[in-house]
Amino acid sequence: MIYFDNAATSFPKPRNVLNEVTKCITKYCGNPGRSSHRLALSAADKIFETRILIADLLGYNKCENVIFTPNATYALNLVIKGIISKKCHCIISDLEHNSVIRPLNKALTKYGGDLSVFNTDIPLSDAIVPLIRDDTYAIISTLCSNVTGKIIDINELSAIANKYNLKLILDASQYIGHRKLNLKDIYFTALCSAGHKSLFGIQGSAFTIINDYGLFDTLTEGGSGVDSFSPNMPILLPERYEAGTLSTPAIASLGAGIEFLNKTKIDKIEKKIGYMTMLIKNQLSSMPYVTLYGADNGIISFNVGDYNSSYVSDFLDKQGFATRSGYHCAPLIHKKLGTTERGAVRISLSYFNEEKEIYSLFKTLKYINQYAK
Amino acid sequence: MKTSIITLKTITIGMKAKKTLSAHGIKSRLIKIDTNQSQNGCQYGIEIKATDFYDAVRILRENEIEYGVYKPK
């Protein structure tokens, strides 16, 4: 199988990630932050080490503000439902995933608020500023579309939010690992990311960095390893938002994934992904029956003739290629692209994809294209 | 060897304190505070040589690491 579904979850993982997970499960997987025996402290050490790796990767200086969550959806639920705690107006991009749209809809419905959607095809200031009202409280945006790969400029977004004194919640799940991100001097409230995509952790690894700490409400409550006689969660980060046992193997894998990135260098990864994206974009553009919707940052979406995206993706699967059809949990961009009837086929790359795999895919796509109309 | 204990509110702060002190050449050991000494339930701390105590407290303060009551062992 040639795997082109890395925006869903990356596969394969680097060898050092597999080794670390095995080592964790067999050598040091005590309960982190609960007991004080050697296994528990070793697990806690690994978790702390991973907080530092994440903070260092992003040029952020407070590792205790790195909160581990089971997935990016959970991280977004935590910060959106925590921060949106009154009647207000929010602004989101037209690229958002349901992991933003659904928790935000729930929070706004609860308090009677509403939202506006900004158009990512025009300069950000032209798109966002006219939408800002007196009751606008937050901007919530992805940094990279999971459908078209379109990148949103964090510096510009941050400057707008700062100027108008708005909370800024960022979803970096498709961005970190393929592009460099330095949060030093960047105004933001919280940044959320999956760990199992381009950071090469296993599923179950994700995090949020809570920058503007205003003691917002918790999403879950339970054991924290401290303040046992208090009926409330502790006020200190990260324990406040990490109720229950953390997944040490998942977090250890994320740490190993970041070590792989540090060793390989993100510049090199960005260059390789950029080259392969351009190669696919150019080839697809030359096929007469292919409609290309977007190609950037290793994410390419298209349709062939009038075929349904599921038909094409299933055909590719039978030929040994893993792609993703449908709507990619991103309804706004599919409405905008006019693909609500048949979705789109998505190819998503990782550093481990090779040029020869792409040429192999082209052969099959050319075959499909012959029969398209 | 006579040791001192500095209490810290969470294990993450404990880890941070241990790493910070280590960077300044002070060895420490992360421990769980005895239940009869901890406040409001489980609590962590770091055990250091008693002679390092004042330097350790200064370093923690300089690095804005919040520490709690300390008790000589």
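Residues numbered from 1 in each chain as written. Chains lettered and ligands numbered in written order. Predicted model: local features only at pLDDT ≥ 70, side-chain atom pairs only at ≥ 80, totals over all residues. Heavy atoms only, no water.

Engineer: I keep staring at the overall build of chain A and nothing clicks. Help me out?
Structural biologist: Helix and strand content of chain A: 11 helices and 12 strands. Relative to all contacts within chain A whose residues are 6 or more apart in sequence, the contacts with residues 24 or more apart total 70%. Carbon and sulfur atoms make up 50% of the accessible area of chain A, which totals about 15,600 Å². Positive and negative charge centroids in chain A, built from 40 and 34 side chains respectively, lie 4 Å apart. (Helix = DSSP H or I, 4+ residues; strand = E, 2+ residues; numbered from the N terminus. Contact = heavy atoms within 4.5 Å. Areas by Shrake-Rupley, 256 points an atom, 1.4 Å probe, with all protein chains shown as cover. Lys, Arg positive; Asp, Glu negative; His and termini not counted. Charge placed at Lys NZ, Arg CZ, Asp CG, Glu CD.)

Engineer: Looking at this structure, how should I read the sheet that holds strand S5 (residues 136-142) of chain A?
Structural biologist: For sheets, the rule is that strands pair by backbone hydrogen bonds, running either parallel or antiparallel. Residues and elements named next belong to chain A. Strand order in this open sheet of seven strands is S2-S8-S7-S6-S5-S3-S4, and the pairing throughout is mixed. Among the strands making up the open sheet, the edge pair consists of strand S2 (66-69) and strand S4 (114-118). The mean angle between the axes of side-by-side strands here comes to 20 degrees, regardless of whether they run parallel or antiparallel. Here strand S3 (residues 89-93) pairs with S5 via four bridges, running parallel. Bridge assignment links Ile92 to a residue of S5, and that residue is Ile140. (Pairing = 2+ DSSP bridges. Axes fitted to C-alpha atoms, helices over the stretch in contact; angles between N-to-C directions.)

Engineer: Quick question: what am I supposed to make of unusual backbone geometry here?
Structural biologist: Peptide bonds are trans in most cases, and residues, glycine excluded, mostly fall at negative phi. Residue and element names in this part refer to chain A. A cis geometry characterises the amide bond from Phe11 onward to Pro12, with omega recorded as 0 degrees. Mapping Pro12 onto the fold places it in the loop between strand S1 (2-3) and helix H1 (15-28). The peptide bond linking Leu237 to Pro238 adopts the cis configuration, its omega dihedral lying at 0 degrees. We note that Asp227 has phi near 50 degrees; this positive angle belongs to a residue other than glycine. By the element assignment, Asp227 lies in the loop between strand S8 (206-210) and helix H7 (248-264). The backbone of Asn297 shows a phi angle near 50 degrees, a positive value even though the residue is not glycine. Position of Asn297 among the secondary structure elements: in the loop between strand S9 (290-296) and strand S10 (299-304).

Engineer: I tried to follow the confidence of the model for chain B on my own but got confused; where do I start?
Structural biologist: Detailed reading of the predicted coordinates is not advisable wherever pLDDT is low. When pLDDT is averaged across chain B, the result is 88; 92% of the residues are at 70 or more. Confidence estimates for the predicted assembly give a pTM of 0.95 and an ipTM of 0.86. (pLDDT = per-residue confidence, 0-100.)

Engineer: Help me understand helix H6 (residues 154-163) of chain A in this model?
Structural biologist: An α-helix turns once every 3.6 residues. As a result, residues three or four positions apart point the same way. Residues and elements named next belong to chain A. For H6, the full list of buried residues reads Ile154, Leu157, Ser158, Ile160 and Ala161. Angularly, the buried residues of H6 cover 160 degrees about the axis, an arc narrow enough to put them on a single face. Buried residues along H6 sit against S4, helix H5 (124-128), S5 and strand S6 (167-171). A side-chain oxygen of the first residue of H6 lies 2.9 Å from the backbone nitrogen of Asn155; this N-cap is Asp153. (Buried < 20%, exposed > 50% of the residue type's maximum accessible area, 1.4 Å probe, protein only. Arc of directions from axis to C-beta. Polar contact = N/O pair within 3.5 Å; in protein donor to acceptor, adjacent residues only side chain to side chain.)

Engineer: How should the interface of chain A and chain B be read in this particular structure?
Structural biologist: How big an interface is tends to be expressed through the accessible area that disappears when the partners come together. The interface of chain A with chain B comprises 20 residues on the first partner and 16 residues on the second. Seen at the junction of chain A and chain B, the total is one salt bridge. Across the salt bridge formed by Glu64 of chain A and Lys16 of chain B, the nearest N and O atoms sit 2.8 Å from each other. There are nine residue pairs in polar contact (both at pLDDT 80 or more) connecting chain A and chain B. The residue inventory of the side of chain A that touches chain B, partitioned by class, reads eight nonpolar, six polar and six charged. (Salt bridge = Lys/Arg side-chain N within 4 Å of Asp/Glu carboxyl O. Nonpolar A, V, L, I, M, F, W, Y, C, P; charged D, E, K, R; others polar.)

Engineer: What is the right way to read H7 of chain A from this model?
Structural biologist: Residue and element names in this part refer to chain A. Given a rise of 1.5 Å per residue, 17 residues ought to cover 24 Å, and the 24 Å separating the end C-alpha atoms of H7 matches this to within 8%. In terms of burial, H7 is largely enclosed, as 14 of its 17 residues are buried. The positive-phi residue at the C-terminal boundary of H7 is Lys265, with phi of around 85 degrees. (Expected span 1.5 Å × (residues − 1).)

Engineer: Please explain the packing of H1 of chain A against helix H2 (residues 38-57) of chain A as it appears in this structure.
Structural biologist: Helices that pack against each other are described as a pair by the angle of their axes relative to one another and the distance between those axes. Residues and elements named next belong to chain A. Where H1 contacts H2, the two axes come as close as 10 Å, and the packing angle between them is 155 degrees. With respect to H2, the element H1 is oriented roughly antiparallel. Between H1 and H2, the residues in contact are Glu20, Lys27 and Tyr28 and Leu39, Ser42, Ala43 and Lys46, respectively. Its residues assigned to classes, the contact of H1 with H2 shows three nonpolar, one polar and three charged. (Parallel < 35°, antiparallel > 145°, perpendicular 65-115°, else oblique.)

Engineer: Would you explain the packing of helix H3 (residues 72-83) of chain A against helix H4 (residues 98-111) of chain A in this entry?
Structural biologist: Residues and elements named next belong to chain A. Their axes nearest at 9 Å, the elements H3 and H4 cross at an angle of 30 degrees. It follows that H3 is roughly parallel to H4 by the angle criterion. Handedness of the H3/H4 crossing: right-handed. Contacts between H3 and H4 involve Thr73, Leu76, Asn77, Ile80 and Lys81 from the first element and Ser99, Val100, Pro103, Leu104 and Lys106 from the second. (Left-handed = near helix turned anticlockwise from the far one by under 90°.)

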